[in-house]
Structures are given as structure tokens and as C-alpha cells.
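# Architecture at a glance
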Amino acid sequence: MRISGIGQILIFLLLLYSCQGNSSNKEKTLASIKDTKVLQYAIEGKILYENYCANCHQKDGVGLGKLIPPLFESDYMLEDIGRTAWIIKYGQNGEIIVNGQSYNQAMPANAKLTNLEIAQIMTYLYNIWGSKQGVIDANMVGDYLQK
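Below is a short write-up of the structure. Just so we're clear, the structure is a prediction, and the values are computed from it rather than from any experiment.

### A few points about the overall build of the chain
Across its full length, the chain holds 7 helices and 2 strands. Considering only contacts within the chain whose residues lie at least 6 apart along the sequence, 54% involve residues at least 24 apart.

### Quick notes on the nonpolar core
One finds Leu30, Tyr49, Met122, Tyr124, Leu125, Trp129 and Val141 to be the most contacted residues of the largest nonpolar core, which totals 31 residues. For this core, the elements supplying multiple residues, two or more each, are α2 (36-52), α5 (81-90), α6 (115-128) and α7 (138-146). Per element, the largest residue contribution to this core is 8 residues, and it comes from α6. Ile87, Ile96, Val98 and Tyr103 belong to the second-largest nonpolar core, a separate cluster that totals 5 residues.

### Overview of the pattern of salt bridges
Summed over all chains, the structure comprises 2 salt bridges. Note that lysine 46 is salt-bridged to glutamate 50, the shortest N-O span being 2.4 Å. Of this pair, lysine 46 and glutamate 50 are both found in helix α2, 4 residues apart, which corresponds to roughly one turn of the helix. Here lysine 46 falls in the partly exposed class, since its relative accessible area comes to 27%. Notably, a salt bridge pairs glutamate 79 with arginine 83, separated by 3.2 Å at the nearest N-O pair.

### With respect to the packing of α5 against α7
For the pair α5 and α7, interaxial distance at closest approach is 8 Å and the crossing angle is 85°. Between α5 and α7, the crossing angle belongs to the class labelled roughly perpendicular. Residue-level inspection shows Ile81, Gly82, Ala85, Trp86, Lys89 and Tyr90 of α5 in contact with α7, the latter providing Val141, Tyr144 and Leu145. The residue inventory of the contact of α5 with α7, partitioned by class, reads 7 nonpolar, 1 polar and 1 charged.

### A closer look at the environment of arginine 83
Topologically, arginine 83 is positioned in helix α5. In this structure arginine 83 comes out as partly exposed when scored by relative accessible area, which is 22%.

### Some remarks on α2
Along its 17 residues, α2 runs 24 Å from first to last C-alpha, staying within 8% of the 24 Å computed at 1.5 Å per residue. For α2, every residue scored as buried is listed here: Val38, Leu39, Tyr41, Ala42, Ile43, Gly45, Leu48 and Tyr49. The N-cap residue of α2 is aspartate 35: its side-chain oxygen and the backbone nitrogen of lysine 37 are 2.9 Å apart.

### Re the packing of aromatic side chains
According to the stated counting rule, one finds 2 aromatic pairs in the structure shown. Ring centres of tyrosine 49 and tyrosine 124 lie 5.8 Å apart, and the angle between their planes is 45°; on these two criteria the pair is classed as tilted. Taken as a pair, tyrosine 49 in helix α2 and tyrosine 124 in helix α6 lie far apart in primary sequence, 75 residues in all. As far as the burial class goes, tyrosine 49 and tyrosine 124 line up, both buried. Relative to tyrosine 90, the ring of tryptophan 86 has its centre 4.3 Å away and its plane inclined at 50°; by these criteria the two rings are tilted. Here tyrosine 90 and tryptophan 86 lie together in helix α5, a separation of 4 residues that amounts to about one turn.

Each value, and the rule that gives it
Residues numbered from 1 in each chain as written. Predicted model: local features only at pLDDT ≥ 70, side-chain atom pairs only at ≥ 80, totals over all residues. Heavy atoms only, no water. Helix = DSSP H or I, 4+ residues; strand = E, 2+ residues; numbered from the N terminus. Contact = heavy atoms within 4.5 Å. Core = buried A, V, L, I, M, F, W, Y, C linked by side-chain atoms within 4.5 Å. Buried < 20%, exposed > 50% of the residue type's maximum accessible area, 1.4 Å probe, protein only. Salt bridge = Lys/Arg side-chain N within 4 Å of Asp/Glu carboxyl O. Axes fitted to C-alpha atoms, helices over the stretch in contact; angles between N-to-C directions. Parallel < 35°, antiparallel > 145°, perpendicular 65-115°, else oblique. Nonpolar A, V, L, I, M, F, W, Y, C, P; charged D, E, K, R; others polar. Expected span 1.5 Å × (residues − 1). Polar contact = N/O pair within 3.5 Å; in protein donor to acceptor, adjacent residues only side chain to side chain. Phe/Tyr/Trp six-rings, centres within 6.5 Å; stacked < 30°, edge-to-face > 60°.

The values reported here are purely geometric and, on their own, carry no functional implication.
Structure below.
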């Protein structure tokens, strides 16, 4: 028996909601997101995050010691959503302070990511680790990148 694309998505979402895992109280799971549009963006964003970001920032967003800054509960990331879009697209060089810790490792650009892909990553980041920003869409990312 072959399951249609919509059927596969429904099964995935059902499994996602039923298998919340043993996350800490601080870390939300995708299953904790109730808004279906946010969830849709966040699911895609999680996949993109794991492909483009997790190698350095780790799957749980805690970074790599004093080399790579955390994204989980990051004051730097929460200060300026537009800056996050800019950094994802164009990278960053120079010293930054995250949660009181200095980091000076260059982050490479992800110039091939589309505004939609950046929006999906950001929706995931800003809704899974201590913030409830809702959907960050491609138009918002485009506006952020113009500034």
C-alpha cells in the first residue's frame, strides 16, 4: 500500500505530537508548537538548521564551548531578529559577546539560502528555544536583508 504525500505528512505530524521525548523544561519540542503555520515553517526550519547550522552550533543549539556561540537562550540572537537574518545569509566576522562570553570565530555565509529557507530556519530558532516570535516569513527576511 502506497501512502500519499499528504498522508505521509499527517503520519509524521501524528508521530511528532505523540513522541515528545525527554526534553528539558527549557527546551520546547516541535510538538509544543500549537499554531499550524508556525509548525509548518518550524518543521522545514529544523531540517535546514540540522543541514546548515547544527554542525557548528549543535543540534541542541548550545554551540561549541568557547569557539562557537550558543543559539539556545542566546541574548545576542534575541536582541535583534534582523541581525540574525543578516548573519545567516552573509556570515559574520569579528568579536561578538553572547551571554557574557566573547567569541571571535568567523561564521561563513549561506548565500545560497533563499529568503524562505532563512525564514524557516529563523521560525524554528525563534519558536523552539525560549521565544515565541511566530512565523518569520520570507517577506520579513527580505526586509531585514535590505536594512
